[in-house]
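# What the coordinates show
In case you want the letters, here they are:
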Amino acid sequence: MTTLAHLRSATFQWPGGRGIRNINLEIEAGHWLTLLGPNGAGKSTILRLLAGQIAVDDGELLLFDNPPNDDARRHIGVVFQEPTTDDLMTVRETLDLHARLFGLSRSQRAARIEQLLAELAIEDRAHDACATLSGGLRRRLDLARALLHQPQLILLDEPTLALDPTSAEAIWSRLRQLRDEGCAVVVGTNDTAEAEANSDAIVFIDDGSIVAHGAPTELTAALRSDSIELDWPSCSPDRLTELAHLDGLGALRHAPPTLHLTVDRAASFVPALFQRWGDEIETIRIRESSLRDAWFQTVGRPLNAEVDP
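Attention here is on the structure that accompanies the text. Note that this is a predicted model, so its numbers are computed, not measured.

## A look at the overall build of the chain
- Each helix and strand counted, the chain has 11 helices and 13 strands in total.
- With the C-alpha coordinates of the chain rotated into their principal frame, the extents come out at 75 × 45 × 35 Å.
- Expressed as a percentage of the 309 residues in the chain, the buried residues total 50%.
- A separation of at least 24 residues holds for 71% of the contacts in the chain among residues at least 6 apart in sequence.
- Summed over all atoms, the accessible surface of the chain reaches about 14,400 Å², with 47% contributed by carbon and sulfur.
- For the chain, the distance from the average site of its 29 positive side-chain charges to the average site of its 46 negative ones is 4 Å.

## A short note on the packing of aromatic side chains
- By the definition in use, this model includes 4 aromatic pairs.
- Between W32 and W172, the ring centres sit 5.6 Å apart and the planes meet at 45°, which makes this aromatic pair tilted. In this pair, W32 is assigned in strand β3 (residues 32-36) and W172 in helix α6 (residues 165-180), connecting sequence segments 140 residues apart. Taken as a pair, W32 and W172 share a single burial class, namely buried.

## Let's talk about the sheet that holds strand β1 (residues 3-13)
- Within the open sheet, the 3 strands sit side by side as β2-β1-β4. Their pairing is antiparallel. In the strand order of this sheet, the two ends are held by β2 (19-28) and β4 (58-63), each with one partner. Averaged over all pairs of adjacent strands, the angle between strand axes in this sheet comes to 15°, irrespective of strand direction.
- Two strands pair when backbone bridges link them, and β1 and β4 are joined in this way by 5 bridges, in the antiparallel orientation. Residue pairing across strands places H6 opposite L62, the latter belonging to β4.
- On top of the sheet, helix α1 (residues 43-50) reaches β1, β2 and β4; it is set at about 55° to β2, its chief contact.

## Here's the deal with the sheet that holds strand β13 (residues 283-288)
- Taken in spatial order, the 4 strands line up as β11-β12-β10-β13 in an open sheet, and their pairing is antiparallel. The open sheet is flanked by β11 (249-255) and β13, the only strands paired with a single partner. Between one strand axis and the next, the sheet turns through 15° on average, direction left out of account.
- Alignment of strand β10 (residues 226-231) against strand β12 (residues 258-263), held across 6 bridges, turns out to be antiparallel. Of the residues in β12, the one forming a bridge with E229 is H260.
- Across the sheet, helix α10 (residues 266-277) is in contact with β10, β11, β12 and β13; its angle to β10 comes to roughly 25°.

## A closer look at the side chain of E194
- Within the element layout of this structure, E194 appears in helix α7 (residues 192-198).
- Comment: no salt bridge for buried E194; closest opposite-charge side chain is R176, at 9.0 Å.
- Once residues within four sequence positions are removed from consideration, E194 is found in contact with T160, A168, W172 and T189.

Calculation rules
Residues numbered from 1 in each chain as written. Predicted model: local features only at pLDDT ≥ 70, side-chain atom pairs only at ≥ 80, totals over all residues. Heavy atoms only, no water. Helix = DSSP H or I, 4+ residues; strand = E, 2+ residues; numbered from the N terminus. Buried < 20%, exposed > 50% of the residue type's maximum accessible area, 1.4 Å probe, protein only. Contact = heavy atoms within 4.5 Å. Areas by Shrake-Rupley, 256 points an atom, 1.4 Å probe, with all protein chains shown as cover. Lys, Arg positive; Asp, Glu negative; His and termini not counted. Charge placed at Lys NZ, Arg CZ, Asp CG, Glu CD. Phe/Tyr/Trp six-rings, centres within 6.5 Å; stacked < 30°, edge-to-face > 60°. Pairing = 2+ DSSP bridges. Axes fitted to C-alpha atoms, helices over the stretch in contact; angles between N-to-C directions. Salt bridge = Lys/Arg side-chain N within 4 Å of Asp/Glu carboxyl O.

Encoded structure:
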């Protein structure tokens, strides 16, 4: 595969101490990479580095085999975490303005705008002010704007945050198509279901560092069939030792007051668990094991346990 971007031992620190440390990543054409982690973990910082908006403090960033420059940025499309459209402009005016900024000719602008309006199903709103658009339509417009110049590298920060399922799937569907056409797609998110469904590779980002990197099947390979989360405030080291000897137990991780287990079969494991310690357990959650459980087992806390910004 062709490498479009390369981070080597990249470090960047914001005022106050947050940032990333020793990040090594290759972004390849025709490949979907997801940066998965809680808010404040460093996902947006990596995306901003790849967009050429900030420069590394240490290490190296190469975009299209060169240090970041204006030519490299012409091959990158970015969808920011928050919509950045001008409410007073119409959808078509927004796209036309940005097509001009990207240097498209009049004929190129007209063709690309019509194409993207149709592909993202917003052609019937072309003459409406951006202020009238729903959140889902704004995100589709953001994506259309990022794709006007046919970028080779597409960077997206929480692109479907708070969207309804129909709007989210419209965006994912278009991105999958672009990946299949040879674009590189890099998405920052904390949604494990979306990451597992769409990614060729996933990077777990925690506290500014990469803690795991692999295909979704590789990251979940060690999990047993079912996942169990228990709210068990009084769980002691002795209890953990006893638990470890129960039949069917796979991984066990204690992040008080939560205990996370993966097991061969919850239907047989849970009755044995409650027969011995049911009076101590406050809450139980059972589901099929997934990437969410791989995160818990790797990092030691649920993904929704945010780090401080």
